[in-house]
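Coordinate analysis (summary)
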Amino acid sequence: MSTSQLTPGKLLAVLAAGALFGFGLALSTMVQPEVVLSFLRFEDFGLMLVMGGAVLVTLLAYQLAPRVLGRPLLGGTFHQHASHWNRDTLTGAALFGVGWGLSGVCPGPAIAGLGTGNWSLLWALAGIALGALAQGMRAKV
């Protein structure tokens, strides 16, 4: 969605959805790298419940909303995004997984974690930004 398409209603909806997402992550303690790392060590499966709940809600919404609503509440049309798997997708997923496993930090929860006052997450977010910048520069070549 380009910025020219953002109406005040859409901006408010995005802000509300982001606040709900951040609150849920903080409430479920998924903003704490220690909790994520304990999941990755098979010691705590709370993250699986959080992710499973999110997948279930998204699956239902993507299946039911087009049938019930006909068109999105804030305008536009429902459409499907074709997924293209290639070497870059697999390599990127593997690198993301390694970074996630080493740091216990995922971008969304890291940003939400800043809202809880966990300023040490700024280091992880700086690394995430540097990685994205390096990929962006690589893609232009």
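Just above, that's the structure.
Here the residue numbering is sequential within each chain, running from 1 through the sequence in written order. Under the rules for a predicted model, residues below a pLDDT of 70 receive no local features and side-chain atom pairs below 80 are neither given nor counted, while totals for whole chains, interfaces and linings still include all residues. Only hydrogens and water are set aside; all other atoms, that is, all heavy atoms of the structure, feed into the side-chain values.

**Observations concerning the overall build of the chain**
Starting at the N terminus, helices and strands are each numbered in turn, a helix being any DSSP run of H or I of at least four residues and a strand any DSSP run of E of at least two. Regarding its fold elements, the chain presents 6 helices and 0 strands. Reading the chain from its N end, one meets helices and strands in the order α-α-α-α-α-α. Principal axes of the C-alpha set define a box for the chain whose edges measure 45 × 40 × 30 Å. Think of it in three bands: residues with accessible area under 20% of the maximum for their type are buried, residues over 50% are exposed, and the middle band is partly exposed, with areas taken using a 1.4 Å probe on protein chains only. Relative to its full complement of 141 residues, the chain shows a buried share of 16%. Accessible area for the chain stands at about 10700 Å²; split by element, carbon and sulfur atoms hold 72% of it. If you average the places of the 7 positive and of the 4 negative side-chain charges in the chain, the two averages end up 21 Å apart. Here, Shrake-Rupley sampling with a 1.4 Å probe gives the accessible areas, and only protein chains in the shown set may cover a residue. Positive: Lys, Arg. Negative: Asp, Glu. His and the chain ends are not part of the count. Note that the charge is assigned to NZ on lysines, CZ on arginines, CG on aspartates and CD on glutamates.

**Description of the packing of helix α5 (residues 107-115) against helix α6 (residues 121-140)**
It is at 9 Å that the axes of α5 and α6 come closest, and there the two elements cross at 145 degrees. In the packing of α5 onto α6, the handedness of the crossing is left-handed. Seen from α5, the contacting residues are P107, A110, I111, G113 and L114; seen from α6, they are L121, L122, L125 and I128. Any residue outside Ala, Val, Leu, Ile, Met, Phe, Trp, Tyr, Cys, Pro, Asp, Glu, Lys and Arg is labelled polar, Gly included; the first ten of those are nonpolar and the last four are charged. Classifying every residue of the contact of α5 with α6 by side-chain character gives 8 nonpolar, 1 polar and no charged. Axis lines are fitted through C-alpha atoms, for helices just across the contact stretch, and the angle between N-to-C directions can take any value from 0 to 180 degrees. Each helix crossing is assigned a hand: it is left-handed if the near helix lies turned anticlockwise from the far helix by less than a right angle, otherwise right-handed if that turn is clockwise. Any two residues whose heavy atoms approach within 4.5 Å are treated as being in contact.

**A word on unusual backbone geometry**
Of note, the phi angle at T29 is positive, near 65 degrees, even though the residue is not glycine. Checked against the element boundaries, T29 lands in the loop between α1 (8-27) and α2 (33-40). Owing to a relative accessible area of 30%, T29 belongs among the partly exposed residues under this scheme. Phi at F42 is positive, roughly 60 degrees, even though this residue is not glycine. Mapped onto the elements of the fold, F42 is located in the loop between α2 and α3 (46-69).

**Let's talk about the nonpolar core**
The biggest cluster of nonpolar side chains holds 9 residues, and these are L25, M30, V31, V35, V36, F39, L47, W100 and A112. Top contributing element to this core by residue count: α2, with 3 residues. Setting aside residues up to four positions removed in sequence, V35 forms contacts with T29, M30 and D44. In terms of nonpolar packing, the next biggest core, distinct from the first, is built from 5 residues, V105, A110, L114 and L121 among them. To qualify as a nonpolar core, a set must consist of buried Ala, Val, Leu, Ile, Met, Phe, Trp, Tyr and Cys residues joined through side-chain atoms within 4.5 Å.

**Some details on the environment of Y62**
Its location among the elements puts Y62 in helix α3. Using a relative accessible area of 63% as the deciding quantity, one classes Y62 as exposed. Separated by 64 residues in sequence, Y62 and A126 place their C-alpha atoms 33 Å apart.

**Some words on the environment of V105**
Secondary-structure assignment places V105 in the loop between α4 (87-103) and α5. For V105, a relative accessible area of 9% gives the class buried. C-alpha of V105 to C-alpha of V31: the two residues are 74 residues apart in sequence and 7.9 Å apart in space. Excluding anything up to four places from it in sequence, V105 contacts P33, W100, A110, L121, A124 and I128.

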